[in-house]
Amino acid sequence: MSLNHVRPWRDIYRRKSRQIMVGNVPVGGDAPIAVQTMTNTLTTDVAATVAQVQAAAEAGADIVRVSVPDEASSKALKEIVRESPVPIVADIHFHYRRGIEAAEAGAACLRINPGNIGDEKRVKEVIKAARDHNCSIRIGVNAGSLEKHLLEKYGEPCPEAMVESGLEHIRILQDNDFHEFKISVKASDVFLSAAAYQGIAEATDAPIHLGITEAGGLVSGTIKSAIGLGNLLWMGIGDTIRVSLSADPVEEVKVGFEILKSLGLRHRGVNIISCPSCARQGFDVIKTVETLEHRLEHIKTPMSLSIIGCVVNGPGEALMTDVGFTGGGAGSGMVYLAGKASHKMSNEQMIDHIVEQVEKKAAELDAAAEVAE
């Protein structure tokens, strides 16, 4: 139950945008902020690509993007779309035929740069294919591939150049009476990305796809994405996100959800609140949390769990969580349920016991949600 009416400092007022559909996933308007990732397998390896899509979907991905660089990939895309549990976005660069083929293959969305796929006639053909096959489009502006005339005008990639590029591409689609589009203005530089996104958010009501492109490895990329995307989301900007990491796509999904969960914008799975541990800890907090994160991956129900090493902050944190465990002395700690001290449990048995309590609570919450519906 939200208590934001008594905690207004938690409120986020989302920018008002049009809503489009990416397959069966609404993007924009009042729809939940969708989480995306992208496969890194060869698209022509259908089995490997489908397995990666399914793993991402199991981790919580709402949408998955697949690169379509050649005709063989277009042919493989049809089977990938058929077996995918989530809408597939086809990543198209330069060749307009790939865009047409991807729409015909059942892609839910085409990621294109209209200025890169040829003259006006070819752009119209791609737009027609998208319209005929109920396929939306993402305009993807990237600081690393801005048009030559904009680089000459501004001297370097800058927010103004990226916004101008995006608006030029929007006009191409609108001139062809196509409005089922979203837009991104990505850069690897956090400052440049943030400024460009703020500019495009003011200039259009199109849904916005957020991302810090080429953010880096798991740790560095997570930090850059959390800073860049987190600040924009906090400002109310963003309708769908992709965390770009040099890592397994599943990790991108996990990080994306954690960013949204930290801002109260999406809720999925167990939110573990844990201390960094110190000499006061009554059990090995770090190892316990690592084990619980793995053991509780199957829980999709939104709920909270506090794992605190001692009684300094443990009881206070447990007051705000569904299940809690606070370290004590003599090899045991206190289990909290619904914010209240319930019973003691030995450190040796506490992991299995916590998993059991979380699963029980998740079942109760699921049953209550079904009754409410």
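Scroll up a little and you will see the structure.
Here's a quick rundown of the structure. (Residues numbered from 1 in each chain as written. Predicted model: local features only at pLDDT ≥ 70, side-chain atom pairs only at ≥ 80, totals over all residues. Heavy atoms only, no water.)

## Looking at the layout of surface pockets
Space left empty within the atom packing is revealed by a probe, the size of a water molecule, rolled over the atoms.
Right, on to step 1. Its volume calculated, the second largest pocket comes out at about 780 Å³.
Right, on to step 2. Counting residues per element, the lining of the second largest pocket draws most heavily on helix α9 (residues 249-262), which supplies seven residues.
Right, on to step 3. Each residue belonging to the lining of the second largest pocket can be placed in one class, and the counts come to eleven nonpolar, five polar and ten charged. (1 Å grid on protein atoms, 1.4 Å probe; cavity = no way out; pocket = protein on both sides within 12 Å on 5 of 7 lines; lining within 4 Å. Points joined across faces, edges and corners; volume = space filled by probe spheres on them. Helix = DSSP H or I, 4+ residues; strand = E, 2+ residues; numbered from the N terminus. Nonpolar A, V, L, I, M, F, W, Y, C, P; charged D, E, K, R; others polar.)

## Quick look at the environment of aspartate 132
Right, on to step 1. Within the secondary structure layout, aspartate 132 lies in helix α4 (residues 120-132).
Right, on to step 2. Through-space distance from the C-alpha of aspartate 132 to that of glutamate 104 is 8.7 Å; in sequence the pair is 28 residues apart.

## Let's talk about the packing of helix α7 (residues 190-203) against helix α8 (residues 218-234)
Right, on to step 1. Contact geometry of α7 with α8 gives a least axis separation of 10 Å together with a crossing angle of 20 degrees. Judged by the angle between their axes, α7 and α8 are roughly parallel. Both α7 and α8 take part in a crossing whose hand is right-handed. Contacts from Val190, Ala194, Tyr197 and Gln198 of α7 reach α8 at Lys224, Ile227, Gly228 and Leu232. (Axes fitted to C-alpha atoms, helices over the stretch in contact; angles between N-to-C directions. Parallel < 35°, antiparallel > 145°, perpendicular 65-115°, else oblique. Left-handed = near helix turned anticlockwise from the far one by under 90°. Contact = heavy atoms within 4.5 Å.)

## Re the pairing of strand β1 (residues 19-22)
Along any regular strand the residues' side chains alternate between the sheet's two faces.
Right, on to step 1. Residues Ile20 and Val22 of β1 are buried on one face, while the alternating residues Gln19 and Met21, pointing to the opposite face, are not.
Right, on to step 2. Examined bridge by bridge, β1 and strand β2 (residues 25-28) share four bridges and lie antiparallel to one another. Residue pairing across strands places isoleucine 20 opposite valine 27, the latter belonging to β2.
Right, on to step 3. In this structure, the hairpin formed by β1 and β2 is closed by a connection of two residues, where glycine 23 is found at a positive phi of approximately 65 degrees. (Buried < 20%, exposed > 50% of the residue type's maximum accessible area, 1.4 Å probe, protein only. Pairing = 2+ DSSP bridges.)

## Things to note about the packing of helix α1 (residues 46-59) against α9
Right, on to step 1. Between α1 and α9, the shortest axis-to-axis distance is 9 Å and the interhelical angle comes to 20 degrees. For the element pair α1 / α9, the angle class is roughly parallel. In this structure, α1 crosses over α9, and the sense of that crossing is right-handed. Of the residues in α9, those touching α1 at Gln52, Ala55, Ala56 and Ala59 are Pro249, Val250, Val253 and Phe257.
Right, on to step 2. Across the contact of α1 with α9, the residue classes tally to seven nonpolar, one polar and no charged.

## Side note on the sheet that holds strand β6 (residues 109-112)
Right, on to step 1. One open sheet holds the eight strands; their spatial order is β8-β7-β6-β5-β4-β3-β10-β9, and the pairing between them is parallel. Two strands bound the open sheet, and with one partner strand each, they are β8 (181-186) and β9 (209-210).
Right, on to step 2. Examined bridge by bridge, strand β3 (residues 34-38) and strand β10 (residues 240-242) share three bridges and lie parallel to one another. Bridging across to β10, glutamine 36 finds its partner in arginine 242.

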